[in-house]
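# Summary of structural features
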Amino acid sequence: MPITWSNTNHTWNLSGGNVSYVLHVNAARQLMGVYWGKRVHDQAITFVPEDYPGFASFDLPVGWLPHEVPTLGTGWYGTPAIDVVNPQGDHVVSLQVKDSTIFSGKKTIEGLPATYVEEEDEATSFEITVEDSAIGLQGVLTYTIFEQTGALARSMRIINTGSEPLVIRGAQSASVLLWGNDYQIVHLKGSWARERSVVRKPIGEGTYSIFSQRGSSGHEENPFLALCHPSTTEHQGEVYAMNLIYSGSFYASAAVDNANNSRMSIGLNPQVFSWKLEPSASFCTPEAVLVFSDQGFNGMSAIYHKLYRTRLARGYWRDRERPILINNWEATYFDFTQEKILEIARTAHDLGIELFVMDDGWFGKRNCDNCSLGDWVVNREKLPDGLDGLSKRIHDLGMLFGLWMEPEMISPDSDLFRAHPDWCLHVKGRPSTLERSQLILDLSRAEVQDYVIEAVCRVLRESNADYLKWDMNRNMTEYFSADIPVEQQMEVQHRYILGVYRILDAVVSTFPDVLFEACSGGGGRFDGGMLYYMPQIWTSDNTDAVSRLSIQYGTSMVYPISSMGAHVSAVPNHQCERVTSLKMRGDVALSGNFGFELDLTKASADEREEIKQLVIMVKRHRHLTQQGVFSRLANPEGGKYAAWQYISQDGSEALLCTFKILSVPNMPPFRVRMTNLDDMADYESDDGTVYSGAQLMYQGISTHLAGDFSSCVMHFTRKG
Ligand code: DGJ
């Protein structure tokens, strides 16, 4: 049984895969989180606070206990998991266990994206209700432990059981105490064009926080935080990781207390959140996914990848090989005609490319980025046959047709703004801050959500599109709404995200066969919330092959390769002016949902031939890159080499990708050791050389990398 109660220890043991998570209810009926780590047997963990030294000190015992849902006002002083202001005006909360239930499978979370099961025996769930009857507050904590991987999904429903409103000022989806302080912190930081590079540093003293208050998960930090032991590597050692399935502002922290224990937590950002909870109403936090691995970061990533690829992403395209696309953005920007578009599409089709994507600039009078967002009507000066005409011609070529939209935005210079000047997020009497000359629609309002649903569905219907790139190109400012009372204005950011999810739910379920790709100035909203609706996300606007090594390496810490858009673009690269070979650009983009973003009509005959061969190679290997087991082998942050590999689910094939960034003179070739092969089996590379699994893993293999910015992809077939 994956979840068991011990009458002796007063513990619940939640176990799956190689992981256990143990909760304890003490004599005062407080809920304690007493263990998270390597799988242990049902009775293995006890918790006896009397054994804990130091209770005769200035500190109240309550401050040092491993509270599962820490709250304020009774002697605990860290980041609260629930912070509620009661009708008396104070925020003292004291929670006691009321009841609990265990069931097979997993429930959905109303209005929010979450991991799911297809069969009930894939996971077991535990719901435990804690309450403060003095203020009429209940918290229903839900834990789902996935049977095979031990991934633990957590969320919390806060219910007002009293007769007067409560105000939630903070809600963390998970808050976990880890004994001791011998940890390092790992997170993914970045900016536009430099998304998700891996940061690792000692936990030190005090509180370390990462957050977004931009209204989206953001380029700067990803809603992911891990603690690991100092000796943990990609391949071995313990990692404790949290990732929030949420696309808005978040807050995550790692803190060392004065008893030298560490606490990590993740949830909504209290700086930009509050929620009025009327009597009988409830509020659900986003889901946090907790992953423990004692197989290093690759072990952690393998669990996230499997769960997110198969039980977070959904729909027709979830398990299908993704089409190779050509996108016209870097080829033409706003400057195109129908004939130019068709010329690019025809060339692409001749080279084996399967999907044409019409990016920004096809609507309103949008010839640059300062107008027309909201006016989703085709520009017939550019596309005289309309979207349906263009789509038909692309379909007639035998290609799929895709479109770009930025549905959450409104340009001040648009018919939509002229008709509804109050439909944007704004503060009355203050000028609205423009970014990229645009404002954000107030998607906390149902009528504005309805407009967006109608507009997107109309465009998809009219264009008969097979693919939609859903862009979102600015941070929130003046995040207030004309539609809700003054005292609830701090709800707007979260209400906006709930609005986005309602819209996505409606659009995606109306067009179940369409392939949706999320985007936000590249990878500014690369999170599990988006992945629930759209199985792929544009990883970064930076298409330079060398920059992409770090961006894709960091993104792969949490998110599966099948979620990352990766395109071959022109050189000199438009973002950093670097010149790399077509081979290197292709080999990097192969590790993602592969595509092109350049004017193929300008390619020479030799380049066209090379592209044709590249397309053939991608088609041959994409089942491996999109559905195989991925492992990182060498980190590009060192500035010299990068390497990673894929193994098919059945172990019969492997793909090794190695990259040289900068050459060093008088050095032997780069030797890399593969992982997860069978050391008793032999593997044959495509040139006919046979290697033992032991050699590939323990001795390593030298790959031919000549000069700066070079790459090598080797395919192996298991023999016998
Ligand atoms: C930002 C995206 O990341 C780009 O790929 C492109 O679609 C532009 N927006 C278009 O405005």
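Overview of the structure. (Residues numbered from 1 in each chain as written. Predicted model: local features only at pLDDT ≥ 70, side-chain atom pairs only at ≥ 80, totals over all residues. Heavy atoms only, no water.)

### Some thoughts on the pattern of salt bridges
Inclusion rule: Between Lys or Arg on one side and Asp or Glu on the other, a salt bridge is scored when a side-chain nitrogen of the former is within 4 Å of a carboxyl oxygen of the latter. Going along the chain from the N terminus, every DSSP run of H or I of four or more residues is numbered as a helix, and every run of E of two or more is numbered as a strand. For each residue, the accessible area found with a 1.4 Å probe, counting protein chains only, is set against the maximum for its type, and the residue is called buried under 20%, exposed over 50%, and partly exposed in between.
Taken as a whole and judged by the stated rule, the model has 40 salt bridges. A salt bridge links Glu321 to Arg622, with the nearest nitrogen and oxygen atoms 3.2 Å apart. With Glu321 in the loop between helix H2 (296–311) and strand S21 (325–327) and Arg622 in helix H12 (residues 605–627), this residue pair connects regions lying 301 residues apart in the sequence. A relative accessible area of 9% places Arg622 in the buried class. The partner of Arg346 in a salt bridge is Glu339, with the nearest N and O atoms 2.8 Å apart. Classification of Arg346 as partly exposed rests on a relative accessible area of 36%. By relative accessible area, Glu339 is classed as partly exposed at 46%.

### As for the site of the ligand
Short version of the rule: Put simply, a residue is near a molecule or strand once any heavy atom of it comes within 4 Å of that molecule or strand. Polar contact criterion, stated in full: a pair of N or O atoms within 3.5 Å, where within protein one must be able to donate a hydrogen and the other to accept it, and residues adjacent in sequence count only if both atoms are side-chain atoms. Each accessible area is a Shrake-Rupley result for a 1.4 Å probe, and residues are judged covered by the shown protein chains and nothing else. Here the term charged refers only to Asp, Glu, Lys and Arg, the term nonpolar to Ala, Val, Leu, Ile, Met, Phe, Trp, Tyr, Cys and Pro, and the term polar to all other amino acids, Gly among them.
Among the 13 residues in the neighbourhood of the ligand, the closest are listed as Asp359, Asp360, Lys469, Asp471 and Asp541. A distance of 2.7 Å separates an oxygen atom of the ligand from a polar atom in the side chain of Lys469. Gly522 is positioned such that a nitrogen or oxygen atom in its backbone is 2.9 Å from an oxygen atom of the ligand. Protein burial of the ligand: of its 300 Å² of free accessible surface, 98% is covered by the chains. Taken together, the residues of the shell around the ligand break down into four nonpolar, three polar and six charged.

### Here we look at unusual backbone geometry
With an omega of -10 degrees, the peptide bond between Val571 and Pro572 qualifies as cis. When you line up the elements, Pro572 lands in the loop between strand S29 (564–569) and helix H11 (582–589). Positive phi, normally seen in glycine, also occurs at Tyr333, with a value near 50 degrees. Mapped onto the secondary structure, Tyr333 falls in the loop between helix H3 (329–332) and helix H4 (338–350). Look at Glu577: it is not a glycine, yet its phi comes out positive at around 65 degrees.

### Observations regarding the environment of Gln449
The criterion, for reference: Contacts: residue pairs with any heavy atoms within 4.5 Å of one another.
On the secondary structure map, Gln449 appears in helix H7 (residues 446–463). For Gln449, a relative accessible area of 6% puts it in the buried group. C-alpha separation for the pair Gln449 and Ser556, spaced 107 residues apart in sequence, amounts to 33 Å. If we skip the residues at most four places from it in the chain, Gln449 touches Leu443, Ser444, Gly499, Arg502 and Ile503. At a separation of 2.8 Å, a polar atom in the side chain of Gln449 contacts the main-chain carbonyl oxygen of Leu443.

### A few points about the sheet that holds strand S27 (residues 515–518)
Consider a sheet: its strands pair through backbone hydrogen bonds, and that pairing is either parallel or antiparallel. Formally: Strands were regarded as paired on the criterion that DSSP finds at least two bridges between them. Here the axes come from fitting lines to C-alpha atoms, over the contacting stretch only for helices, and the angles between their N-to-C directions go from 0 to 180 degrees.
Strand order around the closed barrel formed by eight strands is S21-S22-S23-S26-S27-S28-S29-S30, with parallel pairing between neighbours. The sheet shows a mean angle of 30 degrees between the axes of neighbouring strands, direction not considered. Sheet analysis places S21 next to strand S30 (residues 593–597), joined by two bridges and oriented parallel. For Leu325, the partnering residue across the bridge sits in S30 and is Gly595. The sheet contacts of helix H5 (residues 386–397) involve strand S22 (355–358) and strand S23 (400–405), and relative to S23 the element is tilted by about 145 degrees.

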